[in-house]
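Architecture at a glance
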Amino acid sequence: MSSENTEEDANSISLCSARPAVSCRVNGSGSGSVSVDGKSRKNNFSLNVEAMWIVALPLRFVPPNYPLAAGYCTGFISDIGGNVIAARVKSCLRQQSIYAVFNSRDASAICQSMDRVTFRVSLFSGRGDFAHGVIIEVRRYSGDSISFFRYRCAVILAAQGKAGLETANDKGSNLSLLAPDINDEENRLLCQEALIDILCLLKDERQDTQLLGMESLRNLTDEVKSGGF
């Protein structure tokens with residue numbers, strides 16, 4: 001960050017994280033630096049003051065030739081402002097103990113859970129028949145499919161204003177809100193995708209990757225976590 005920026009021009013914020021607090025400083029343009037354990041480094045994301053995910057309005061449209069994530073990974077929320085939805089999603093990520101880095105300009109967030117599931121949450125402005133609302137997409141980058149299914153349900157429901165107090169890692173039986181009704185075909189596809197991911201992890205030569213594969217297999221075969229798949 002330039003030395004020309006004065007103390008009054010900068011604001012201290014902290015990222016929503018399950019890890020130790022990350023100290024950030026931003027200047028008037030919304031860019032700045034991040035300090036982790038006393039070590040400063042640049043951050044290319046636009047950081048918002050007071051730890052609020054304040055997205056730039058109007059929201060951008062879905063880019064040309066960009067296929068939105070299929071199925072329940074994409075949702076539409078009508079007659080609600082982008083910043084209201086962003087605040088709901090941020091609150092959900094905090095409740096789920098998910099580390100997130102927010103990009104205010106692109107209205108997106110790169111997220112990583114404690115069980116190493118990485119995904120991206122994006123908000124887009126609707127147009128045409130959907131001009132009266134916001135499109136939300138939750139796209140998985142890596143990690144266990146079943147765990148992502150739980151996080152995706154929590155984020156989408158939170159964006160719709162239907163979030164409860166349950167978290168995706170709860171071991172209790174009261175997870176109906178995070179697991180809306182899905183048909184047998186989606187159940188089968190979820191299990192197949194999860195097994196393929198697990199096999200890829202187990203075949204890797206790195207021990208930490210194999211450990212992640214075993215953890216994913218344990219979760220997949222745990223009736224409490226995976227339900228009646």
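These lines cover the structure that appears in this document, whether it is placed above or below. Every value quoted in this text rests on a predicted model; they were computed, and no experiment measured them.

Here's the deal with the nonpolar core
- V89, L93, F119, L123, I136 and V155 are the most contacted members of the largest nonpolar core, which has 31 residues in total.
- Only α1 (82-95), β6 (99-103), β7 (108-112), β8 (118-125), β9 (133-142) and α2 (145-159) provide two or more residues apiece to this core.
- Among the elements that take part in this core, α2 stands out by supplying seven residues, more than any other.
- Not counting the four nearest positions on each side in its chain, L123 is found in contact with W53, V55, L59, G82, I85, A86, D106, A107, V134, I135 and I136.

Focus: the side chain of R152
- Tracing the sequence through the fold places R152 in helix α2.
- In this view, R152 contacts Y72, C73, V138 and E186; residues no more than four positions away in its chain are not counted.

What about a nonpolar patch on the surface?
- Together, L195, L199, L202, M214 and L217 make up an exposed nonpolar region whose accessible area comes to about 410 Å².
- Counting only elements with at least two residues in the nonpolar patch, the list comes to α3 (184-203) and α4 (207-220).
- The leading source of residues in the nonpolar patch is α3, at three residues.
- Structurally, L195 is set in helix α3.
- Judged by its relative accessible area of 42%, L195 is partly exposed.

Brief notes about the pattern of salt bridges
- One pass over the full model with this rule turns up six salt bridges.
- Across the salt bridge formed by R140 and E193, the nearest N and O atoms sit 2.7 Å from each other. You can see R140 sitting in strand β9 and its partner E193 sitting in helix α3, a full 53 residues away along the chain.
- Residue E193 is classed as partly exposed on the basis of its relative accessible area of 36%.
- What you see here is one network of salt bridges that share partners, running through R140, E193 and D197.

A few points about the packing of α3 against α4
- Packing of α3 against α4 brings their axes to within 7 Å, and their N-to-C directions diverge by 150°. Compared by their axis directions, α3 and α4 come out roughly antiparallel. Along this stretch, α3 crosses α4, giving a crossing that reads as left-handed. On the side of α3, the interface is formed by A194, L195, I198, L201 and L202, while α4 contributes T209, Q210, L212, G213, M214, S216, L217 and L220.

So, the sheet that holds β9
- Reading across from one edge, β5-β9-β8-β7-β6 is the order of the five strands in this open sheet, with antiparallel pairing throughout. The open sheet has two edge strands with one neighbour each: β5 (74-78) and β6. Across the sheet, the mean angle separating the axes of adjacent strands is 20° when strand polarity is ignored.
- Relative to β7, β6 runs antiparallel, the two sharing five bridges. Looking across to β7, one finds that Y99 is bridged to Q112.
- In the packing of α1 onto the sheet, contacts are made with β5, β6, β7, β8 and β9, and the angle to β8 comes to roughly 165°.
- Where α2 meets the sheet, it contacts β5, β8 and β9, and its direction lies at approximately 165° from that of β9.

Conventions we followed
Residues numbered from 1 in each chain as written. Predicted model: local features only at pLDDT ≥ 70, side-chain atom pairs only at ≥ 80, totals over all residues. Heavy atoms only, no water. Core = buried A, V, L, I, M, F, W, Y, C linked by side-chain atoms within 4.5 Å. Buried < 20%, exposed > 50% of the residue type's maximum accessible area, 1.4 Å probe, protein only. Helix = DSSP H or I, 4+ residues; strand = E, 2+ residues; numbered from the N terminus. Contact = heavy atoms within 4.5 Å. Patch = residues over 30% accessible without salt bridge, like charges linked within 9 Å, V, L, I, M, F, W, Y side chains within 5 Å. Areas by Shrake-Rupley, 256 points an atom, 1.4 Å probe, with all protein chains shown as cover. Salt bridge = Lys/Arg side-chain N within 4 Å of Asp/Glu carboxyl O. Axes fitted to C-alpha atoms, helices over the stretch in contact; angles between N-to-C directions. Parallel < 35°, antiparallel > 145°, perpendicular 65-115°, else oblique. Left-handed = near helix turned anticlockwise from the far one by under 90°. Pairing = 2+ DSSP bridges.

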